[in-house]
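# Examination of the molecular architecture
Chain by chain, the residues:
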Amino acid sequence: MANVSLEMLGEARRLMDKYNRDYSEQESVVAVVLGHKVEHLALEAIARGADIVYLTDHPELEDLRLQPYTKIIAQMSLSKEARKTYDKPRYFLFPATNNGRDLSSTVLAELESGLASDCNKLYIQDANISHRAKTDGTPRVFSRILHMKRPDFSGYEWSTILCIDSPKIDYHPQACSVIPGSFKPLAQDPNRKGQVIRHPFNLPIEDLRLTITGREKLLNAIDLSSYNVIVAAGRGISKNPSKGISLCLELARALGGELGLSRGVCTAQYTLEPSLAQYITEARQIGETGQTVKPKFYIAVGISGAIQHKKGMDQADRIIAINTDTEVPIKDFCDVFIQGDLFEVIPKLLEQIKNGKKLEASVN
Amino acid sequence: MNYVVVTKGVPDFRHGKVVFKEDNTLNRAATPTVMNPNDFLALEAALEAKVKYGGTVHVISMGPPPYKKVLQEAMSRYADKLYLLSDPKFAAADTLATAEALSAAVRKIGNIDVIFSGFKTADGETGQTGPQTAWKMGYTLATHVMEFSIDPQLKKFNATRAITGEVEFTTGPLPVLVVTDPGFQSQYKNATQRLNLLDLQAQTKKRAQSFEEFLTIWNANDLGVDEWKVGIKGSPTIVDSVDPIPRAPSERKARMLIGTNLQHIQEAVQILLRSDQ
Amino acid sequence: MATEKFEAIVVGCGPAGAAAALELAKHGVQVLVVDRARTPGSKNVTGGILYGTKDTPYNLDYVLPNFEKEAPLERPINKYILHAMSENKVRAIDLTELHQYNTKYAYSVLRTPFDAWLAEQVHAATRKHGGGLLTSVRASGPLMENGRIVGIVTSELEPIRADIVIAADGATSELARAAHIRDWMTPAHWFQGVKAVLKMPVELLENRFKISDKEGAAHLFSGDIFGNARGGGFLYTNKDTLSIGTVFHLDSIVSEGIEPHRYLDRLLEHPLLREWIGDSYEEVEYSAKLIPDGKKAFLSKPYKDRLLVIGDAANQMQAAGPIIKGMNCGITAGILAALSYVEAKKKGNPEKAGEIYSEALNSSPVGKALRGNRLLKSLLSSTTSIGGPLMTTPLFAPILKSKFFARQIEKTFTSYALSAAAPDSSFVYTTLPTILAKHHGQVVTSNKKLTPKSLDERIGHLTYNTDIGHPHIEVQNSTPEASGSCVTTCPVSAKDSSQGCYRLEKQQVNGNTILKVVLDTQPCVECGTCAVVGDVKWEHPRGGKGIEYKYG
């Protein structure tokens, strides 16, 4: 099961636990599983927080195609089973992957209700709204509204989106797509109990008119822009490239991030240990001719900060540079400059990170 | 063959064009409006279809009267005809309500084989409007398209799509709505096609100088839409509040730390482990 | 599957290709012109001056009669001065007469705007007959059929057939190499030039160089300022910029081991130049180019089957001493190639175009000049090789100091015949001017400070549309012995540069430290130097990719 799905289940569980407490209800987390030979995912969904799983398993659903998937989800949403007072889901979460975002759009077009995309924060509470179309300008309280927060306006705004009934129409469900990595999954609990409801596959041939004739995996593709922390290795690793790369990898992992590279490292033709050679790839390059990233933390290890590299990372929230030379260009556009040999500094950082995490764990 | 390209005007987020308030947050009102950058790819895709299969390219945008400038920008890339959907009733529409108005316009033009749409506007950034328009029209939907081709005789299309970590090859019947991926590339493999492309580009640039001759403006009545399905009335979602995010500082002042100093290392780790909400 | 066909294909839309295409279009021929840049001119560099000569009608005005009024030319050059230099002593020699000899017109140009204008004329003229100009298309080789050339193959399009293909793809021509008409030759067969474009306020420029708004000046520099490197420097006045550069025989750059940009800096830092420009300029572009030495490498059979080669691609450059004529040679050849095809077609034998072109070229003034007066050449060569060392002996000292001697030497510089025949030795480039300046020059001083840009700054300023994942150069042998010269002769590389193309790196392999020549093609200016001096596999980048100059 994709990480984003586990994250959504975890968040849905937290949202509904609080909802049931706040509103003295006993509403459920429902997982929707579509595909072919995916029974095991239904059980995993329950172990990860679902109370109910709606499952349709059919060869025609092996690949995600928007038409059949949308129609089936719409059928499920309108089913009267297992939902007591409501005909349709109250809140609906989708992953904000390419397919997930598209699917959320078509499902909500079919259900004719509201959708916010690429959300990274969710909470349910009553909303006091005064809106010229929805409330004729007078303030009204709408209860149990999913507040969906998402970045937009090219990174300049963080908007809170609500789905609110109009005087003419009650909108169900309130839906959103969720940015991968925004939430934490629940630990797997094999003792959780839940119900699997099999929804039959029942679609006219017309809905299967799009054919997928082939696929190709993109080798080495790694999207560094989706990580909160990037540790980028520069030519400061030259004196021992293997050790340098492995230290940067360790640091990245300890902070939940990923490894990036400067262009100089990509073209240096270092001889690396076989297990590490795969990490030197242009796919990880950051800079004008590589990826542009805006993470929360950008750690530039042994990178001088030439303009070609700067263009790919200078919009990061916080930039930390590790370098022996204090006269390099990056000193003028970083927030923290640690002067030192990366081969000594990174192990020290790793040790302190381990201590810090131990402290956090013991406190919690 | 008939093609529609749906476009939108957005604030100009380019470096040096976007205007900031004193607190370094976005000043939307003072920032000029331009064609959504991703929409240029949809225009390129439509032009590619015209070069290869012939036909007419109709470009639609929904917005207040000044947005006709955005349509002029579209024509300087390529358009045969322009349509502005303009009516106070269309204002403050979310994606569902926008899709409703756009669908009505496409039906009014009639006989459209392919609708081209860009992926994600630079302001709303939802990526929803294209798929929702396709759904309302009952068109086959191909999203994240990197390359495509049409068979006008068999009334079919082929599309290469970008999915996370993969590329997918699909085929389906017309009519179709194609959402171009930001990585979309038109493919012209023969010299004659490229020369015709140059001719069309020269013609459209000339036409764009007197673009209003080719512009039709429609309001809610012209489209015959239900006023509770468009604009602010027809939008299930509202923007309740906005937290502005100031731009990253262009000048940073570095805190200088020494790598052999344990306290400095601890300070650095403190910064890294600090989680922000 | 049917292959596309155009009656004629011209590869490259610089001055030579443009002239060929325009002349063909004049005769109603359907011409497809392809150029690998996004806009023709963005990959081209000239010193540079565009000439029209009196000894042939086939100059640019032959195909574009109104170009002097319509083209973006910089300044008409009516002053031409050679500065012999020895340390801070300078002797100025007026070469204006030499420059005027056989000259119909001479304009300083910047290639990026100039070629872009040519491209517009070419597209309009060729489109009328079903052809046109396609940019961002890179011809990678000839299309072969039964062992004969019948068209071209490109990276972007399906192969295209033609009745005639004219290759005007420059000094680094892939077509000429792929057809085995010529190869990379040796460093001795090339010049390498590096250039900086400097922006200056117009009034100041005209004041410092003593020209009106309708005039222009060309200044050349030679002497011991460049050590033993055989060549010299130049400065041409444009409208509001200066083109300043240095040009040397590539083999002398290899043997001296000094990075090309340092010679440019030496010139900029000389008191004469500091006085002229010191505090009042902005360096806006750095560029480089290889120039084939027409004297050594002129191709007498520049064709094969239906492929005709013109311009730098056919090593057509003409130097009369310090005066270098390149663009006009290509233009003349382009027109001749076009006329040859038209004639061959009329006779019903279009495939004979190459023969007709080759004959026309060899009997043209350029061809004759390049084959040259052999007797005079060998006479001068032996005279200078004996006379040179002799002149530096104490016996000669009083003669050197005499004004008579100075006048005689200056006369030789200003004589066209002697200049054209003079050997390319350090005697001519260095010794003679140094002697002149030392004994007859004036001391030049300057208080103005001038700090040339570092190579990293120069590279950082250039625009590249990098073809990510498709480097166009590959080092075949990365040992310092095989490819070490690349590090010192590449105009965008230096031992102390971290942003350049070639580096010599110490690497640990199995506990041993080795030296390796390492390459990053991203900042490449596509001059071709490394292909000549090192063991590398060199191709043009794909269409629309790579360096894009703004001035050229």
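What counts as what
Residues numbered from 1 in each chain as written. Chains lettered and ligands numbered in written order. Predicted model: local features only at pLDDT ≥ 70, side-chain atom pairs only at ≥ 80, totals over all residues. Helix = DSSP H or I, 4+ residues; strand = E, 2+ residues; numbered from the N terminus. Contact = placed C-beta atoms within 7 Å. Rg over C-alpha atoms; globule rule 2.2 N^0.38 Å. Buried ≥ 20, exposed ≤ 12 C-beta atoms within 10 Å, placed from the backbone. Pairing = 2+ DSSP bridges. Axes fitted to C-alpha atoms, helices over the stretch in contact; angles between N-to-C directions. Domains from an automatic or database assignment. Nonpolar A, V, L, I, M, F, W, Y, C, P; charged D, E, K, R; others polar. Parallel < 35°, antiparallel > 145°, perpendicular 65-115°, else oblique. Left-handed = near helix turned anticlockwise from the far one by under 90°. Core = buried A, V, L, I, M, F, W, Y, C linked by C-beta atoms within 7 Å. pLDDT = per-residue confidence, 0-100.

Now for the overall build of chain A. Counting its secondary structure elements, chain A contains nine helices and 15 strands. In terms of its C-alpha atoms, chain A occupies a principal-axis envelope of roughly 65 × 50 × 40 Å. The long-range fraction of contacts in chain A, counting pairs at least 24 apart against all pairs at least 6 apart in sequence, stands at 64%.

This part covers the overall build of chain C. When helices and strands are counted, chain C shows 22 helices and 26 strands. In summary, chain C has a C-alpha radius of gyration of 23 Å against a globular reference of 24 Å for 552 residues, a match within 12%. Along the three orthogonal principal directions, the C-alpha set of chain C runs to about 75 × 65 × 50 Å. Counting every position in chain C, which comprises 552 residues, the buried fraction comes to 55%. Summarising the internal contacts of chain C: among those between residues at least 6 apart in sequence, 76% fall at separations of at least 24.

This next bit is on the sheet that holds strand β6 (residues 140-152) of chain A. The four strands lie next to each other as β5(A)-β6(A)-β7(A)-β12(B), forming an open sheet whose pairing is antiparallel. If you trace the sheet from one side to the other, it starts and ends with β5 (121-129) of chain A together with β12 (237-244) of chain B, each paired once. Strand-to-strand twist in this sheet, taken as the mean axis angle between neighbours without regard to direction, amounts to 35°. Examined bridge by bridge, β6 of chain A and strand β7 (residues 157-163) of chain A share five bridges and lie antiparallel to one another. Bridge assignment links K149 of chain A to a residue of β7 of chain A, and that residue is T160 of chain A.

Now for the domain arrangement of chain C. Residue and element names in this part refer to chain C. Along its sequence, chain C is carved into domain 1 (4-72 + 109-182 + 299-371), domain 2 (75-106 + 187-290 + 374-461) and domain 3 (467-547). Here the C-alpha centroids of domain 2 and domain 3 sit 30 Å apart. Of the residues lining the interface, 19 residues belong to domain 2; the matching set on domain 3 comes to 17 residues. Counting residues per element, the ones that place at least two in the side of domain 2 that touches domain 3 are β11 (190-199), α8 (250-256), α9 (260-269), β15 (282-292) and α20 (455-461). When grouped by side-chain class, the residues that make up the side of domain 2 that touches domain 3 number 11 nonpolar, five polar and three charged.

Right, let's get into the sheet that holds strand β9 (residues 166-173) of chain B. Strand order in the open sheet formed by 10 strands is β10(A)-β9(B)-β8(B)-β7(B)-β10(B)-β6(B)-β1(B)-β4(B)-β5(B)-β11(B), with mixed pairing between adjacent strands. Of all strands in the sheet, those bounded by a partner on one side alone are β10 (211-217) of chain A together with β11 (215-218) of chain B. Averaged over all neighbouring strand pairs, the angle between strand axes comes to 30°, with direction disregarded. On top of the sheet, helix α1 (residues 39-53) of chain B reaches β1 (2-7), β4 (56-62), β6 (114-117), β7 (140-151) and β10 (176-180) of chain B; it is set at about 170° to β1 of chain B, its chief contact.

This part covers the domain arrangement of chain A. Many structure descriptions define interface size as the accessible area lost when the parts assemble. Domain annotation for chain A reports domain 1 (3-208) and domain 2 (224-363). The gap between the C-alpha centroids of domain 1 of chain A and domain 2 of chain A is 37 Å.

With 73 residues of chain A at the interface, the matching set in chain B holds 63 residues. It is helix α4 (residues 98-111) of chain A that provides the largest number of residues to the side of chain A that touches chain B, a total of nine residues. Taken together, the residues of the side of chain A that touches chain B sort by class into 31 nonpolar, 22 polar and 20 charged. Taken together, the four bridges between strand β15 (residues 336-339) of chain A and strand β13 (residues 255-258) of chain B define a ladder with parallel strand orientation. In the strand pairing of β13 of chain B, Q339 of chain A is matched with I258 of chain B.

All right, on to the packing of helix α3 (residues 66-78) of chain A against α4 of chain A then. Residues and elements named next belong to chain A. Between α3 and α4, the shortest axis-to-axis distance is 9 Å and the interhelical angle comes to 50°. In terms of their interaxial angle, α3 and α4 are classed as oblique. Considering the relative orientation of α3 and α4, their crossing is right-handed. Across from L66, Y69, T70, I73, A74 and S77 in α3, the residues of α4 making contact are D102, L103, T106, V107, E110 and L111.

To continue, consider the nonpolar core. Grouped together as the largest cluster of nonpolar side chains are 218 residues, with contacts concentrated most on A232 of chain A together with I9, A20 and I310 of chain C. Among the elements that make up this core, the one with the highest residue count is helix α12 (residues 327-346) of chain C (12 residues). Judged by nonpolar contacts, the second largest core, of 114 residues, contains L162 of chain A together with V4, A101 and Y139 of chain B.

Here we come to the environment of I338 of chain A. Along the chain, I338 of chain A falls in strand β15. With 17 residues separating them along the chain, I338 of chain A and A321 of chain A place their C-alpha atoms 6.1 Å apart. With residues near it in sequence (within four places) discarded, I338 of chain A still touches I320, A321, I322 and V345 of chain A together with L257, G259 and A268 of chain B.

Glancing now at the interface of chain A and chain C. The partner chain C presents 12 residues to the 11 residues of chain A that form the contact. Grouping the constituent residues of the side of chain A that touches chain C by class yields four nonpolar, five polar and two charged.

The next point concerns helix α4 (residues 129-137) of chain B. Since the α-helix turns once every 3.6 residues, residues separated by three or four places project in the same direction. In terms of residue burial, α4 of chain B counts as a mostly covered element, since nine of its nine residues are buried. Among the residues of α4 of chain B, those classed as buried are T129, G130, P131, Q132, T133, A134, W135, K136 and M137 of chain B. Looking at the buried positions of α4 of chain B, the neighbouring elements they touch are α4 of chain A together with β1, α3 (95-109), β6, β7 and β10 of chain B.

Next up on the list: the environment of V492 of chain C. Residues and elements named next belong to chain C. Note that V492 resides in the loop between α21 (480-489) and β23 (502-509). For V492, a count of 27 C-beta atoms within 10 Å corresponds to the buried category. Sequence separation between V492 and G216 is 276 residues, and the spatial gap between their C-alpha atoms is 30 Å. Residues within four places of V492 in sequence aside, it is in contact with L455, I459, G500, C501, P523, C524 and V525.

Attention now goes to the packing of α3 of chain B against α4 of chain B. How two helices sit against one another is set out by the angle between their axes and by the gap between those axes. Residue and element names in this part refer to chain B. At a minimum axis distance of 8 Å, the contact between α3 and α4 shows a crossing angle of 50°. By the angle between their axes, α3 is oblique relative to α4. You can see that α3 and α4 cross each other, and the crossing is right-handed. Between α3 and α4, the contacting residues are T95, L96, T98, A99, E100, L102, S103 and V106 on the first element and T129, Q132, T133, K136 and M137 on the second. For the contact of α3 with α4, the residue count by class is five nonpolar, six polar and two charged.

A few words now on unusual backbone geometry. The peptide bond linking H172 of chain A to P173 of chain A adopts the cis configuration, its omega dihedral lying at -10°. Residue position: P173 of chain A is located in the loop between β7 and β8 (174-178). Each neighbour pair has its own omega, and for G47 of chain C with G48 of chain C the value is -10°, a cis peptide bond. Looking at where G48 of chain C falls in the secondary structure, it is placed in the loop between β2 (31-35) and β3 (49-53). Residues other than glycine seldom take positive phi values, yet M185 of chain C does so here, at roughly 60°. Looking at where M185 of chain C falls in the secondary structure, it is placed in the loop between α6 (174-178) and β11. Judged by local crowding, M185 of chain C falls into the partly exposed class, with 15 C-beta atoms found within 10 Å. A positive phi angle, close to 55°, is found at K210 of chain C, a residue other than glycine.

Turning to the confidence of the model for chain A, a few remarks are in order. Confidence in the prediction for chain A averages 90 pLDDT; 95% of positions are at 70 or higher. Segment residues 82-87 of chain A is flagged for pLDDT under 50; beyond a separation of four residues in sequence, or across chains, it makes five contacts in the model.

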